Amino acid sequence: MQPSGPLRSDLMQEVLVERVLRSTASVQQVRPLYQPIVDLRTDSVVGAEALARWPHAPGVDPSFVIERSRALGRVSEVDRACRNASLDTVTALGYLDDGMTIFVNVEPDALIERPPESGNIFDTSTTGLRVVLELTERALLSDPAQLLNVVADARRRGLGIALDDVGRNADSLTLLSLIAPDVVKLDRSLIADSPSHEQLHIIMAVAAYAEATGAVILAEGIETEIHRQRAVDIGATLGQGWLLGRPAELPPTRWPPVPATRRVHLSGDPLRIPAKPSDLLDTAQPRVATRPVLVRYSRYFEVQALASGEPLTILASFQRSEHFSGADEQRYGDLAASNSLVAVVAVDMPSEPSPGVRGTAIPDDHPLAREWTVIVLGRHFFAALIAYDLGDDGEPGREFSYAITHDRSTVVAAARALLQHMG
């Protein structure tokens, strides 16, 4: 008896994935297709997303290939082959100086390993080609510290950043400001039907981010005129989908050059990441207080976070793990139950000090060993307690230089400073 339905489909995908991954030569047979990205105001093509295809494994799902290659420790090989093929094809056809923007899907963990002999996507910033790296919400939540460093490196080299599939997980919206994408790609579910209350929350949060930063909103999955109108209604200025153009090879569908006024805006701004949160004290008017005073402030922020009712990112440094008390474990466990990213760092901190809380251990001589920081970052509520141990002897009279800030840009910078050391 032959399997049928989803089971047969899964079995076929397994066969196709194995066909792709059977050798390095097989992986490198990738042939990209390009789906146009259209300005919804002018109907002009302003860019394209490169999509991996393997002709010898027709119908294989690239996400399955990536998932399997990661399990085999080969994700860097596959990711590199896909992005090199995407950019080599565009370069060979002379798209360097016509203003087109090429969106390339990348896996952040693959970008950490960049053997010089294999080619390097970051080198494209010197060729004149406009490249935007597409990152997923999954990557954002699985290893935000690693992703932060990849984004910072890309921005230093003049590449743009797009966050893909936004809307699948409302909790990841709190991380938008940390990554600071140039383009926010809305998941197709947001235009498939009239938006629900929860989807309106996502749409409003993205609109607020775009208004504050100048980022571009791109709607995916536009297959009908109704989809297109919904995309415009929720603030998208760019669109992608079968109504606007199907994936195809570049030569038969050569698009005209894009005038400077219609090009996808890439901010070019570097990602501000201080070495540690206390580096921000110089600009935050620090004061001096003892540990009991800071404990009260810290608990206040944590209680406010529990009562906020909105998705939050909560990050904290506790100097040493013994300062993370049983009561702290309970509160942070409660926070982790309703928020996607709750993380703490300290000397000897366990990897999961309470359920759902991400812990990072640091050595005694680590700069954060003298930092006491509590950061709460949401759409409406954002605050940071930043303190630096002055090194005086004695508990509880130990003194700290500290500041409390509700300035969003400072809170975001402090969060990036702490996040880069976590994980």
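Counting restarts for each chain, with residues numbered from 1 along the sequence as it is written. Residue-level local features of this predicted model are given only where pLDDT is at least 70; pairs of side-chain atoms are given and counted only at 80 or more, and the full residue set underlies all totals for whole chains, interfaces and linings. Just so you know, side-chain values use all the structure's heavy atoms and leave hydrogens and water out.

Trainee: Whenever I open this one, the overall build of the chain confuses me. Can you help?
Mentor: Strands are runs of DSSP state E lasting at least two residues, helices are runs of H or I lasting at least four, and both sets are numbered from the N terminus onward. When its secondary structure is counted, the chain shows 13 helices and 15 strands. Against the globule reference of 22 Å for 423 residues, the chain gives a C-alpha radius of gyration of 23 Å, in line with a compact fold. For the chain, the C-alpha atoms occupy an extent of roughly 75 × 45 × 45 Å along the three principal directions. Evaluated residue by residue, the chain yields a buried proportion of 53% over its 423 residues. Contact definition: two residues touch when any of their heavy atoms are within 4.5 Å. In the chain, 71% of the contacts between residues at least 6 apart in sequence involve partners at least 24 apart. With the model as given, the accessible surface of the chain reaches about 18,600 Å², and the carbon-plus-sulfur share is 52%. To get the radius of gyration, use the C-alpha atoms; to get the globule rule, take the number of residues to the power 0.38 and multiply by 2.2 Å. Think of it in three bands: residues with accessible area under 20% of the maximum for their type are buried, residues over 50% are exposed, and the middle band is partly exposed, with areas taken using a 1.4 Å probe on protein chains only. Exposure was quantified through the Shrake-Rupley algorithm and a 1.4 Å probe, taking into account, for residues, occlusion by the shown protein chains and nothing else.

Trainee: Please clarify how the environment of Ser338 should be interpreted in this entry.
Mentor: Within the secondary structure, Ser338 sits in helix 12 (residues 326-338). Along the backbone, Ser338 and Ser69 are 269 residues apart, and their C-alpha atoms lie at a distance of 32 Å. What qualifies as a polar contact is a pair of N or O atoms within 3.5 Å, subject to a donor-acceptor requirement within protein and to the restriction that residues adjacent in sequence count only when both atoms come from side chains. A distance of 3.4 Å separates the side chain of Ser338 from the side chain of Asn339, its partner in a polar contact.

Trainee: Please clarify how helix 11 (residues 291-307) should be interpreted in this entry.
Mentor: Think of an α-helix as 3.6 residues a turn; residues three or four steps apart then line up on the same face. An expected span of 1.5 Å times one less than the residue number is assigned to each helix. With 17 residues, helix 11 ought to run about 24 Å at 1.5 Å a step, and its terminal C-alpha atoms sit 24 Å apart, in line with that. Every buried residue of helix 11 is listed here: Arg291, Leu294, Ser298, Phe301, Glu302 and Ala305. Down the axis of helix 11, the smallest arc covering the buried residues is 95 degrees, so these residues share one side. The exposed set on the far side of helix 11, more than 90 degrees from its buried face, consists of Arg296 and Ala307. Residues of helix 11 that are buried in the fold lie against strand 9 (287-290), strand 10 (313-320), helix 12, strand 13 (371-377), strand 14 (382-389) and strand 15 (399-405). Trailing helix 11 by a residue or two, Gly309 shows a phi angle of about 80 degrees, which is positive. An arc is given here, and it is the one of the directions from the helix axis to the C-beta atoms.

Trainee: Mind showing me how you'd approach the sheet that holds strand 11 (residues 341-347) here?
Mentor: The rule for pairing is simple: two strands pair if DSSP sees at least two bridges between them. The strand order 9-15-14-13-10-11-12 describes an open sheet built from seven strands, whose pairing is mixed. The open sheet is flanked by strand 9 and strand 12 (358-362), the only strands paired with a single partner. Recorded for the sheet is a direction-independent mean angle of 20 degrees between the axes of neighbouring strands. Bridge count between strand 10 and strand 11: six bridges; the pairing is parallel. Residue pairing across strands places Ile314 opposite Val342, the latter belonging to strand 11. Note on geometry: axes are C-alpha line fits, over the in-contact stretch for helices, and angles between N-to-C directions span 0 to 180 degrees. Those strands touched by helix 13 (residues 408-419) are strand 10, strand 11, strand 13, strand 14 and strand 15, and its axis lies near 120 degrees from that of strand 13.

Trainee: Looking at this structure, how should I read the packing of aromatic side chains?
Mentor: To describe a pair of aromatic rings, one takes the distance between the centres and the angle between the planes. Planes of paired rings set the category: under 30 degrees apart is stacked, over 60 is edge-to-face and the rest tilted, where pairs are Phe, Tyr or Trp rings (Trp by its six-membered ring) whose centres lie within 6.5 Å. All told, the structure shown has six aromatic pairs when counted by the stated rule. For the ring pair Phe324 and Tyr332, a centre distance of 5.5 Å and an interplane angle of 65 degrees mean the geometry is edge-to-face. Look at Trp372 and Phe400: their rings are 5.5 Å apart centre to centre, the planes differ by 75 degrees, and that puts the pair in the edge-to-face class. Pair noted here: Trp372 is in strand 13 and Phe400 is in strand 15, with a separation of 28 residues, a long-range link. Trp372 gets classed as buried once you look at its relative accessible area, which sits at 5%. A relative accessible area of 0% means that Phe400 is categorised as buried. Grouped by ring-pair contacts, the aromatic residues Phe318, Phe324 and Tyr332 constitute a single cluster. Think of it as a cone above the ring: NZ of Lys or CZ of Arg counts as a charge over the ring if it is within 6 Å of the ring centre and within 35 degrees of the ring normal. Positioned above the aromatic ring of Phe382 is the side chain of Arg408, whose terminal nitrogen or guanidinium carbon lies 4.6 Å from the ring centre.

Trainee: I'm lost on the pairing of strand 1 (residues 33-39) in this one. Help?
Mentor: Along any regular strand, the residues point their side chains to alternate faces of the sheet. In terms of residue burial, strand 1 counts as a mostly covered element, since six of its seven residues are buried. Turn length for the strand 1-strand 2 (residues 45-51) hairpin, with the two strands adjacent in sequence and antiparallel, is five residues, and the turn residue Asp43 shows positive phi of about 65 degrees. Bridge count for strand 1 against strand 8 (residues 238-239) is two bridges, and the pairing is antiparallel. Residue pairing across strands places Val38 opposite Gly239, the latter belonging to strand 8.

Trainee: I'm lost on the nonpolar core in this one. Help?
Mentor: Soluble globular proteins tend to pack their nonpolar side chains together in the buried interior. In these notes, a set of buried Ala, Val, Leu, Ile, Met, Phe, Trp, Tyr and Cys residues joined through side-chain atoms within 4.5 Å is what counts as a nonpolar core. Counting 92 residues, the largest nonpolar core has Leu133, Leu186, Val206, Trp255, Leu315 and Ile375 as its most contacted members. When sequence neighbours within four positions are dropped, the list of residues in contact with Leu315 reads Leu341, Ala343, Thr373, Val374, Ile375, Ala415, Leu418, Leu419 and Met422. Counting 26 residues, the second largest nonpolar core, distinct from the first, contains Ala289, Tyr332, Leu385 and Ala387.

Trainee: Quick question: what am I supposed to make of the confidence of the model for the chain here?
Mentor: Detailed reading of the predicted coordinates is not advisable wherever pLDDT falls low. Per residue, pLDDT measures the predictor's confidence, with a range of 0 to 100. Looking at the chain as a whole, the pLDDT averages 88, with 92% of positions reaching at least 70. Per-element confidence in the chain is highest for strand 8, whose mean pLDDT is 98, and lowest for helix 6 (residues 137-142), whose mean pLDDT is 74. Scored below 50 in pLDDT, residues 1-5 shows two contacts in the model against residues more than four places distant or in partner chains. Ignoring residues within four places in sequence, the model shows residues 115-119, a span with pLDDT below 50, making five contacts including any to other chains.

Trainee: I'm lost on helix 7 (residues 144-156) in this one. Help?
Mentor: An ideal rise of 1.5 Å per residue puts 18 Å on 13 residues; helix 7 measures up with 18 Å between its terminal C-alpha atoms. Where burial is concerned, most of helix 7 is hidden: 10 out of the 13 residues are buried. Looking at helix 7, one finds that the buried residues are Pro144, Ala145, Leu147, Leu148, Val150, Val151, Ala152, Asp153, Ala154 and Arg155. Just downstream of helix 7 lies Gly158, where phi reads positive at about 85 degrees.

Trainee: Teacher, can you tell me more about the sheet that holds strand 7 (residues 216-219) here?
Mentor: Each strand in a sheet pairs with another by means of backbone hydrogen bonds, the pair being arranged parallel or else antiparallel. In spatial order, the strands read 1-2-3-4-5-6-7-8; together these eight strands close into a barrel with mixed pairing. The sheet contact formed by strand 7 and strand 8 spans two bridges and is parallel. Bridge pairing links Leu218 to Leu238 in strand 8.

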